[in-house]
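Architecture and fold: a report
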Amino acid sequence: MAAETINVYIDTAQLQAQKNNNYSLYLAKKVNGQFTVIWQSMGPVATVNHPSYEYKNTFSIEVPNYEVNYGTVTEQDGSVTFNASGKPQTISIGQTVILDDNGLFADPKNDGTAGEIIIHNALANNPNVILLDDEGNPIFVNTKSGMDIGDAELTPIDTYQIWFDNYQDTGTIISHQVSNIATVVFDGGTTEKTISYNTAGEWQTGPLSQKLDIPTAGLAEVDPLTITVLATFKYALTVTAVTYLLHKLVQKFGVLQPTHITAAVGSTKLTVKFAGPRVHEILAAFGTDKYETAVGNALSAAKKDKLSDLQKETWTVSESTVGVSY
């Protein structure tokens, strides 16, 4: 089974306050449109079989396998009828599977995109794609249009909420309407996310700010470091793709905002540069991996946008280079 990971940082002052309140840290998953049952909990004091929450906490949630299938679908009065369908294939998020021209699925491969299921379709006549849960119950049926020859992407969406509250056992029904919650959504592109509970008692995206205590920290104002990330595409970039990357890609970044993006028509290279005083503290706390992940996530989000002309692209992100801007 695949897994989705949520990293939760808690400010040290809030850590003490929540433990003094004897509050526990909870995780719940949205099921059938509601948060009803506590999935995981961490108490204020560790026991032999139950860890407590600390400065950094990791929730690792196993994601069940899915099934993919196709069919000839009719829809009337809101109900869906399958006139014919194939043999379903078990698959996990992040995997790809070939549907051949005879309507048979091959074995899935672990070469897909994080958080997505991709069908390499060779079956003509636009079959309607079906996504089912691990018990064979349909989750999504494309009744509007069938699959073209080529790739069809399915993105199961998982939504979680995290909060502090009085003690309850894992697996019990949430006893009341909770407040001050963090919501984490996995909708393709990544299977790991980070949130923080800051000193003001507010949830924020990403890790807590880190205080720097290194000799070079004072240089950040006069000669800030730069981090350069290189992405290499499988295919040469089109005019449409380059226009999008230069003008729209910056909108796909979160907290880490690039200062320069460079791409050229006919090239397979994209260069993304980050600069500014904060580069010092982020680099010291997390290394260059954080910047490479940010670029990869932004490109994955751009690929989903039909205006980007990146739907058939794949890429590799090279190890970042560190320099100094003048």
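This report concerns the structure included in the present document. The structure presented is a predicted model; accordingly, all values stated were derived computationally and were not measured. (Residues numbered from 1 in each chain as written. Predicted model: local features only at pLDDT ≥ 70, side-chain atom pairs only at ≥ 80, totals over all residues. Heavy atoms only, no water.)

So, on to the nonpolar core. Leu245, Leu249, Leu270, Phe274 and Leu299 are the most contacted members of the largest nonpolar core, which has 28 residues in total. Put simply, the parts of the chain that give this core at least two residues each are β17 (225-233), α2 (239-247), β18 (260-263), β19 (269-275), α3 (278-286) and α4 (289-304). Tallying contributions element by element places α4 first for this core, with six residues. Residues contacting Leu245, with those up to four places away along its chain left out, are Phe233, Leu237, Ile261, Ala263, Leu270, Leu299 and Leu310. Within the second largest apolar cluster, 19 residues are counted, among which are Leu27, Phe164, Val184 and Ile195. (Core = buried A, V, L, I, M, F, W, Y, C linked by side-chain atoms within 4.5 Å. Buried < 20%, exposed > 50% of the residue type's maximum accessible area, 1.4 Å probe, protein only. Helix = DSSP H or I, 4+ residues; strand = E, 2+ residues; numbered from the N terminus. Contact = heavy atoms within 4.5 Å.)

A few words on unusual backbone geometry. Not every positive phi belongs to a glycine, and Asn125 is a case in point at roughly 70°. Relative to the helices and strands, Asn125 is located in the loop between β9 (117-121) and β10 (128-132). In this structure, Asn180 is a non-glycine residue whose phi angle is positive, near 50°. On the secondary structure map, Asn180 appears in the loop between β13 (158-165) and β14 (182-186). By relative accessible area, which is 41% here, Asn180 ends up partly exposed.

Now for the pattern of salt bridges. Side chains that differ in sign of charge can pair as their charged atoms come close. Under the definition given, this model contains three salt bridges. In this structure, the salt-bridge partner of Glu54 is Lys19, at a minimum N-O distance of 3.7 Å. You can see Glu54 sitting in the loop between β3 (38-42) and β4 (56-63) and its partner Lys19 sitting in helix α1 (residues 12-20), a full 35 residues away along the chain. By relative accessible area, Glu54 is classed as partly exposed at 36%. (Salt bridge = Lys/Arg side-chain N within 4 Å of Asp/Glu carboxyl O.)

Looking now at the sheet that holds β14. The strand order β3-β2-β13-β14 describes an open sheet built from four strands, whose pairing is antiparallel. Strands at the two margins of the open sheet, each flanked by one partner only, are β3 and β14. On average, each strand axis in the sheet is inclined to that of its neighbour by 20°, with strand direction left out of account. (Pairing = 2+ DSSP bridges. Axes fitted to C-alpha atoms, helices over the stretch in contact; angles between N-to-C directions.)

This paragraph deals with the side chain of Thr190. Along the chain, Thr190 turns up in the loop between β14 and β15 (192-197). A distance of 3.0 Å separates the side chain of Thr190 from the backbone oxygen of Glu192, its partner in a polar contact. In this structure, Thr190 is in contact with Ala114, Gly115 and Asn297, ignoring residues within four places of it in sequence. (Polar contact = N/O pair within 3.5 Å; in protein donor to acceptor, adjacent residues only side chain to side chain.)

Attention now goes to empty space enclosed by the protein. The full count for this structure, using the stated rule, is one cavity of 30 Å³ or more. Empty space within the largest cavity amounts to approximately 30 Å³. What lines the largest cavity is simply Thr113, Glu116, Glu153, Ser300, Lys303 and Lys304. Here the lining of the largest cavity takes three residues from α4, the largest share from any one element. Looking at side-chain class alone, the lining of the largest cavity contains no nonpolar, two polar and four charged residues. (1 Å grid on protein atoms, 1.4 Å probe; cavity = no way out; pocket = protein on both sides within 12 Å on 5 of 7 lines; lining within 4 Å. Points joined across faces, edges and corners; volume = space filled by probe spheres on them. Nonpolar A, V, L, I, M, F, W, Y, C, P; charged D, E, K, R; others polar.)

The geometry of two aromatic rings is summed up by the distance between their centres and the angle between their planes. By the definition in use, this model includes 11 aromatic pairs. Both rings, one in Tyr53 and one in Phe164, keep their centres 5.5 Å apart while their planes meet at 70°; by these two values the pair is edge-to-face. You can see Tyr53 sitting in the loop between β3 and β4 and its partner Phe164 sitting in strand β13, a full 111 residues away along the chain. Neither Tyr53 nor Phe164 differs from the other in exposure class; each is buried. (Phe/Tyr/Trp six-rings, centres within 6.5 Å; stacked < 30°, edge-to-face > 60°.)

The subject of this paragraph is α1. Side chains three or four residues apart in an α-helix point the same way, a direct result of the helix having 3.6 residues per turn. Taken as a whole, α1 has its buried residues at Gln14, Leu15 and Gln18. Looking down the long axis of α1, one finds its buried residues gathered within 105° of arc, a one-sided arrangement. Seen from the buried face of α1, the exposed residues on the opposite side, beyond 90 degrees, are Thr12, Gln16 and Asn20. On the buried face of α1, the contacting elements are β1 (2-10), β13 and β15. Its side-chain oxygen at 3.0 Å from the backbone nitrogen of Ala13, Asp11 defines the N-terminal cap of α1. Count one or two residues on from α1 and you reach Asn22, which has phi positive near 65°. (Arc of directions from axis to C-beta.)

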